[in-house]
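Chain residues, written in single-letter form:
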Amino acid sequence: MNPIFADLPTTIFETMSRLAGQHQAINLGQGFPDDPGPEDVRRAAAEAVMNGWNQYPPMMGLPALRQAIAAHYRRFHALDLDWETEVMVTSGATEALAGSLMALIEPGDEVVLFQPFYDAYLPLIRRAGGIPRFVKLSPPHWRFTEESLAAAFSEKTRVVLFNNPLNPSCTVYRREDLELLARFCTKFDAVAVCDEVWEHVVFDDNRHLPMLAIPEMRERCVKIGSAGKIFSLTGWKVGFVCAAPKLLRVLAKAHQFITFTTPPNLQTAVAYGLAKSDDYFVDMRRSFQRSRDRLAAGLRDIGFPVLESQGTYFINVDLAPLGLNEDDETFCRRLVVEHKVAAIPVSAFYAEDPVRSVVRFCFAKRDATIDTALERLAGALRA
Ligand SMILES: Cc1ncc(COP(=O)(O)O)c(C=O)c1O
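What you see is a predicted model, and the numbers here were worked out from it, not measured in a lab.

### Structural notes on the overall build of the protein chain
Point 1. The secondary structure content of the protein chain amounts to 15 helices and 12 strands.
Point 2. The C-alpha radius of gyration of the protein chain comes to 21 Å, within 12% of the 21 Å expected for a compact globule of 383 residues.
Point 3. Each principal axis of the C-alpha atoms in the protein chain carries an extent, and together these give about 60 × 50 × 45 Å.
Point 4. Here the protein chain holds 383 residues, and the buried ones make up 57% of them.
Point 5. Taking as baseline every contact in the protein chain between residues at least 6 positions apart, the subset at least 24 positions apart corresponds to 76%.
Point 6. Surface accessibility of the protein chain: about 16,000 Å² in total, with carbon and sulfur atoms responsible for 52%.

Next comes the structure, spelled out in structure tokens:
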């Protein structure tokens, strides 16, 4: 058996979910909303499954969806994408990530990635033969620097895997960050695989800027999105990839033999959803921001040092200033057993030299769920 997968330990996500079940805890560990998602988009999927085409759709995705993706990014980011040669539909962002890495990496190529990272990245990079090179990010700002990039990039760098907005740090990177990374990509002739699934879930004055919009990255960037996050329908697994034709052509070859296609009714519904008016996107953000503020205020009242959440469904607390004598994982295990609230220790998102003081909570929950969780957490810092 391949040791990359055979030797993967039980993840902290599984452990926390199991403990949450055993202790009837409120699960603020997993990142999915309580809300069922927009009714009109779900109706469009139901309608399409009853009255539409249910056989294999085209390998690149339904033309209506590819056109809708191109139009969507023209509307929000003034990107000029040719839907026929630069847009492809995948079965979730996860498939897009796996396919991109399989298509772009040759064994021995180096891949720069930022810790903390989404848990799928490392096994996918390794299985594609890539050698990971880490850039460590730390609270409270989680920003990278010229020096940290210089230490990670080399002549062997082929790909940089960049998640923006970044889960789990809840950071939205600014233009100057993107431009700095772009300079390294250009200098070392690397392609940026940009996981932008959280692009619409950003708060306050933060605005998402796609890496593809940085002019020198137009030909060396793979932009990955996910309808699951855009429409709060995380189980749908409809993703998309936008990239210059010479990159997309190769990515399409990988996609052809991974999933080939994605359920046509969901594609039809996502095409409908992407064309929704700006109000939908504004309201969605406003609603998550309200929940973020509710959880943040409650955590602060209890005494947790709350870190800024600029986007995603999550918010972090940094235990370091509290001098608790517990690392994040020990704290989370105690929290779920004694206080019946599950959270995720952010050290789980590092491969080496982790930050061990940050705990992540999901706020994409009903007010009553958040309030009950806060009541339960009230005693957590008195231990
Ligand atoms: C950073 C990041 N990338 C990818 C995914 C997975 O997206 P999908 O469900 O579309 O495969 C997630 C889901 O939480 C995520 O947070």
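Read on for the rest.
### Notes on the pairing of strand β5 (residues 157-163)
Point 1. Burial runs high along β5: 6 of the 7 residues are buried.
Point 2. In terms of strand pairing, strand β3 (residues 110-115) meets β5 through 4 bridges, oriented parallel. Directly across from E110, in β5, lies its bridge partner T157.
Point 3. Pairing geometry for β5 and strand β6 (residues 191-195), over 5 bridges, is parallel. Its bridge partner being in β6, F162 is matched across the sheet by C194.

### Thoughts on the sheet that holds strand β12 (residues 358-362)
Point 1. Strand order in the open sheet formed by 3 strands is β9-β12-β11, with antiparallel pairing between adjacent strands. The sheet is open, and its two edges are formed by β9 (314-318) and β11 (344-345), each paired on a single side.
Point 2. Pairing of β9 with β12 involves 5 bridges; the strand directions are antiparallel. Bridging across to β12, N316 finds its partner in R360.
Point 3. Of the strands in this sheet, β11 and β12 are in contact with helix α14 (residues 328-339), which crosses β12 at around 40°.

### A look at the nonpolar core
Point 1. With 138 residues, the main nonpolar core has F144, L181, V222, L299 and F361 as its most contacted residues.
Point 2. Discounting residues that sit within four places of it in the chain, F144 has contacts with F114, V135, L137, L149, F162, Y173, D177, L180 and L181.

### Observations regarding unusual backbone geometry
Point 1. A cis amide bond links P139 to the next residue, P140, at an omega of 5°.
Point 2. By the secondary structure assignment, P140 is in the loop between β4 (131-136) and α8 (146-152).
Point 3. In this chain, N167 is followed by P168 through a cis amide linkage whose omega measures 20°.
Point 4. Along the chain, P168 turns up in the loop between β5 and α9 (175-187).
Point 5. Notably, S232 is not glycine yet its phi reads approximately 55°, a positive angle.

### Notes on the packing of aromatic side chains
Point 1. Inspection of the entire model under this criterion finds 24 aromatic pairs.
Point 2. For the pair F117 and Y121, a centre-to-centre distance of 6.5 Å together with 20° between the ring planes defines the contact as stacked.
Point 3. Given a relative accessible area of 6%, F117 falls into the buried group.
Point 4. Look at F153 and F184: their rings are 5.3 Å apart centre to centre, the planes differ by 45°, and that puts the pair in the tilted class. On the criterion of sequence distance, the pair formed by F153 in the loop between α8 and β5 and F184 in helix α9 is long-range, its members being 31 residues apart.

### Overview of the environment of A98
Point 1. Structurally, A98 is set in helix α6 (residues 92-104).
Point 2. Once the C-alpha coordinates of A98 and I258 are considered, the two residues, 160 residues apart in sequence, prove to be 8.8 Å apart.
Point 3. In contact with A98, other than residues within four places in its own chain, are L124 and I258.

### Details of the site of the ligand
Point 1. What surrounds the ligand is the set G92, A93, T94, Y118, N163, N167, D195, V197, W198, S226, K229 and K237.
Point 2. Note that an oxygen atom of the ligand is positioned 2.8 Å from one of the backbone N or O atoms of A93.
Point 3. One of the side-chain nitrogen or oxygen atoms of N167 is found 2.9 Å away from an oxygen atom of the ligand.
Point 4. Here the ligand has 400 Å² of accessible area as a free molecule, and 93% of this is covered by the chains.
Point 5. The element contributing the most residues to the shell around the ligand is α6, with 3 residues.

### Points about the packing of helix α3 (residues 39-51) against helix α12 (residues 264-274)
Point 1. In contact at an axis separation of 8 Å, α3 and α12 are set at 145° when each is read in the N-to-C sense. Classified by chirality, the crossing of α12 by α3 is right-handed. Only N265, L266, T268, A269, Y272 and G273 of α12 make contact with α3, whose side of the interface consists of D40, V41, A44, A45, A48 and V49.
Point 2. Looking at the contact of α3 with α12, its residues break down into 8 nonpolar, 3 polar and 1 charged.

Calculation rules
- Residues numbered from 1 in each chain as written.
- Predicted model: local features only at pLDDT ≥ 70, side-chain atom pairs only at ≥ 80, totals over all residues.
- Heavy atoms only, no water.
- Helix = DSSP H or I, 4+ residues; strand = E, 2+ residues; numbered from the N terminus.
- Rg over C-alpha atoms; globule rule 2.2 N^0.38 Å.
- Buried < 20%, exposed > 50% of the residue type's maximum accessible area, 1.4 Å probe, protein only.
- Contact = heavy atoms within 4.5 Å.
- Areas by Shrake-Rupley, 256 points an atom, 1.4 Å probe, with all protein chains shown as cover.
- Pairing = 2+ DSSP bridges.
- Axes fitted to C-alpha atoms, helices over the stretch in contact; angles between N-to-C directions.
- Core = buried A, V, L, I, M, F, W, Y, C linked by side-chain atoms within 4.5 Å.
- Phe/Tyr/Trp six-rings, centres within 6.5 Å; stacked < 30°, edge-to-face > 60°.
- Near = heavy atom within 4 Å.
- Polar contact = N/O pair within 3.5 Å; in protein donor to acceptor, adjacent residues only side chain to side chain.
- Left-handed = near helix turned anticlockwise from the far one by under 90°.
- Nonpolar A, V, L, I, M, F, W, Y, C, P; charged D, E, K, R; others polar.

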